[in-house]
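Structure at a glance
Now for the letters of each chain:
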Amino acid sequence: MSQLPAQGLSHDEVMARLEAFRADDINWRSGRAWAYVYDAGEGAQKVCEDAFAGFLWENALDPTVFPSMLRLENELVGLVARHLHAPEGAAGCYASGGTESIMLAVKGSRERHRRVKQDNARLNIVLPETAHAAFQKAALYLDLEVRLIPVDPHTFKAVPDAMAAAVDPHTCLIVGSAPSYAHGVIDPIADLGAIALQHDLWLHVDACVGGWLLPWFERLGAPLPRYDFRVPGVSSMSCDLHKYGFAPKGASILVLRDKSLRPHHMYACATWSGYTLINLAVQSSKGGGPLAAAWAALNFMGDDGYEALASRMLTATREIVAGIDAIDDLRVLGTPEMNLIAITSDTVNIFHVADEMTERGWYVQPQLSFGASPANIHLSVNPKGQPHVPALLADFKASCEAARALPSGQLKAVLGDALASLDPATVDPSAIPMMLAMAGITGTGLPKRMAEINEVLDALTPPLRELLLVGFVNELYRPE
Ligand SMILES: Cc1ncc(COP(=O)(O)O)c(C=O)c1O
C-alpha cells in the first residue's frame, strides 16, 4: 500500500509526480481522439482553468453563505433554459454531469406520479433501447422497473407506437434523446410529447450531449426535427455543459418546464442533529470550480464562438459521413443529425478496424451490438478533428484492408460456448478473474489489441457482459 511521505514534498515535486501519472494517457490535445474529450482549443481551456482555480474552495452547499454560487447557478440555468426555448416559469438546477441530471429527472417523475396519481404500486419508466444507460442506473437506484423498447432498425429512433403500447397506469416517465449518444439521431420528440400529454406523464428529453450544440446546428441550416421545450409535453431536459459547451467535467444543467416540478426532485432533511440540509441535486457539498468554469466557457466563447465551432463540426461530420459511405467495407448507421457517428461493417470485423485505427494513432470507440444496433465504431466529432478528416478517412480505408487479413473468431471459438453457457446468477465472483484470464485479461493490464476480447463480449448476453465487466473493474481498482 502506498505510504504518506514522512516529510511533505515540495510544490515542484508534487507537481512533477502528478505529471508522471499522465504518461500513458491518451494525447487528447492532438485532435486524433474521437471520444471522451471535448476540445475547443487552448484559449477556452485557459479561461476555464483560471475560473476553476479561482472558485476552487467555495462551497455551493449553502447559497446564503456563498451567494456567488447561487448567482452562478441561476445564470447558468437561465442561459440553458433560454437556449432550449423553455417557457416563462421554467426552472432548473446545476448537476455534476449527465448522470446526475438524469437521476434527478427520474426521481422527480417518480415523486410527481406518486403525489399526483396517489399510486403506491411499483412504478415503471419507458425508454427506447438507445436511451443512455444512466436511466437504467437511476431506475435501479430508485427501484423502478425499466421497459426498454426496441427502436427502428434503420433510423435507430424511438418508435412512438411501441413506446405508447408499453405505457400503463404505473408509468411515471417516458424518455427521448436529442440526440442519442450511440447513433447521434434525435427521437421523435413531438410524438413522445403527445403520448406524455395524453397519459399525463413526465417526458424527459435527454439532450446531455446535444442540448448546447443543436441550436447552432439548427441555425446553420442542419435539418432537425423539433426537440426542445417548443414541443408541447416536454417536462424536462438535461444539457451537459461539460460536453459541447466545452466546460471542464462536472457541469450539467437540468431544466424543468415549470418551477412546480422542481420540489419533486429536491431533498430536505430536518431529522438529524446537524445543519439544516436542503439540496436541489444529489450532491451536497460541492466545489464552485465547475460552476465558475462553465460560466467562463459560455461567456468566453459567446454566441459567435460557438457558431464558429459548430460550423467546423458540422462540416467535418458531413465530410466523414460522405467519406465513410465511399469506403466499400463501411457504412454509417442511421443518419446522424448532430456530430456523433456510428460506423459498422458487413464485410470486415469492425473491432479489428478499431484496433488498426489505434495502431495508426487514433482513438475511436468500439460499441458492442445491442438490440437493433450492430457492433460499430463511434466517433464524437470535435472542432480540433476537422483538419484531420482526410487522414482519418484514409486510415479507415487502410484499416479495413488490414482487418480483412486478420483472423477472427479464434478466442470466441475457444471461450464463447463456455462463457455463454454460464448462468450469471450462479457464477461465484471469485471465479471471474480466472474467466478473465482465459480471455487474455490478467491483473490490471489490458491487451493492446482488443478485437478478440470485444468479439467475445459481443457474443455474450448483456448479463454476462456486465458480470465480466464488473469482475474486470473490481480487479482494476486496487489499493497500491
Ligand atoms: C445522451 C447522453 N446522456 C447522458 C450521458 C451521461 O453523461 P455523464 O457521463 O456526464 O454522466 C451521456 C454521456 O455521454 C450522453 O451522451
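What counts, and where the lines are drawn
Residues numbered from 1 in each chain as written. Predicted model: local features only at pLDDT ≥ 70, side-chain atom pairs only at ≥ 80, totals over all residues. Domains from an automatic or database assignment. Near = placed C-beta within 6 Å. Nonpolar A, V, L, I, M, F, W, Y, C, P; charged D, E, K, R; others polar. Helix = DSSP H or I, 4+ residues; strand = E, 2+ residues; numbered from the N terminus. Buried ≥ 20, exposed ≤ 12 C-beta atoms within 10 Å, placed from the backbone. Contact = placed C-beta atoms within 7 Å. Pairing = 2+ DSSP bridges. Expected span 1.5 Å × (residues − 1). Arc of directions from axis to C-beta. Axes fitted to C-alpha atoms, helices over the stretch in contact; angles between N-to-C directions. Left-handed = near helix turned anticlockwise from the far one by under 90°.

Let us look at the domain arrangement of the protein chain. Each domain of the protein chain was delimited in the assignment, giving domain 1 (52-296) and domain 2 (410-476). For domain 1 versus domain 2, the separation of C-alpha centres amounts to 34 Å.

Around the ligand, a shell composed of Gly97, Gly98, Thr99, His132, Ala134, Ser177, Tyr181, Asp206, Cys208, Val209, Asp240 and Ser252 is seen. In the shell around the ligand, the residues fall into 4 nonpolar, 6 polar and 2 charged.

Tracing the backbone shows isoleucine 441 in the loop between α13 (432-438) and α14 (451-459). What makes isoleucine 441 buried here is the crowd of 20 C-beta atoms within 10 Å. C-alpha separation for the pair isoleucine 441 and serine 345, spaced 96 residues apart in sequence, amounts to 26 Å. If we skip the residues at most four places from it in the chain, isoleucine 441 touches Leu436, Leu446, Ile453 and Phe472.

Here we come to the pairing of strand β1 (residues 91-95). Taken across its 5 residues, β1 has 5 buried, putting it largely inside the fold. Burial along β1 is two-sided: Ala91, Cys93 and Ala95 and Gly92 and Tyr94, pointing in opposite directions, are all buried. Where β1 meets strand β7 (residues 252-256), 5 bridges bridge the pair, whose relative direction is antiparallel. Within the sheet, the bridge partner assigned to alanine 91 lies in β7 and is leucine 256.

A word on helix α2 (residues 42-54). For α2, which comprises 13 residues, the first-to-last C-alpha distance of 18 Å matches the rise-based estimate of 18 Å (1.5 Å per residue) to within 8%. Turning to α2, its buried residues are Ala44, Cys48, Ala51 and Phe52. Axial view of α2: buried residues confined to an arc of 100°, hence all on one face. The exposed set on the far side of α2, more than 90 degrees from its buried face, consists of Glu42, Gly43, Lys46 and Ala53. Buried residues belonging to α2 abut α9 (289-325).

Once that is clear, we can look at the sheet that holds strand β5 (residues 202-206). Either a parallel or an antiparallel arrangement is found when strands of a sheet pair, and the pairing is made through backbone hydrogen bonds. Ordered by their spatial adjacency, 7 strands build an open sheet running β1-β7-β6-β5-β4-β2-β3, and the pairing between neighbours is mixed. Of all the strands in the sheet, the pair left with one neighbour each is β1 and β3 (145-149). Sheet twist, expressed as the average angle between the axes of neighbouring strands with direction ignored, equals 20°. Sheet topology places β5 next to strand β6 (residues 236-240); 3 bridges connect them, and they run parallel. Across the sheet, residue aspartate 206 finds its bridge partner in β6, namely serine 238. Sitting on the sheet, helix α4 (residues 98-117) is in contact with β1, β2 (124-128), β4 (171-177), β5, β6 and β7, with an inclination near 170° to β6. Lying on the sheet, helix α7 (residues 189-199) is in contact with β4 and β5; it crosses β4 at an angle near 170°.

The sheet built from 4 strands is open, its strands ordered β10-β11-β13-β12 with antiparallel pairing. Only two strands of the sheet have a single neighbouring strand rather than two, namely β10 (331-332) and β12 (365-367). Sheet topology note: the β12/strand β13 (residues 376-380) ladder contains 3 bridges and is antiparallel. Bridging from a neighbouring strand, glutamine 365 pairs with histidine 378 of β13. Across the sheet, helix α10 (residues 350-359) lies against β11 (340-344), β12 and β13, angled at about 45° from β13, the strand it touches most.

Our focus in this paragraph is the packing of α2 against α9. Between α2 and α9, whose axes approach to 7 Å, the crossing angle comes to 145°. Helix-helix and strand crossings are classified by hand; for α2 and α9 the assignment is right-handed. Where α2 abuts α9, its residues Ala44, Val47, Cys48, Ala51, Phe52 and Gly54 lie against Gly289, Ala292, Ala293, Trp295, Ala296, Ala297, Phe300 and Met301. Tallied by class, the residues present in the contact of α2 with α9 amount to 12 nonpolar, 2 polar and no charged.

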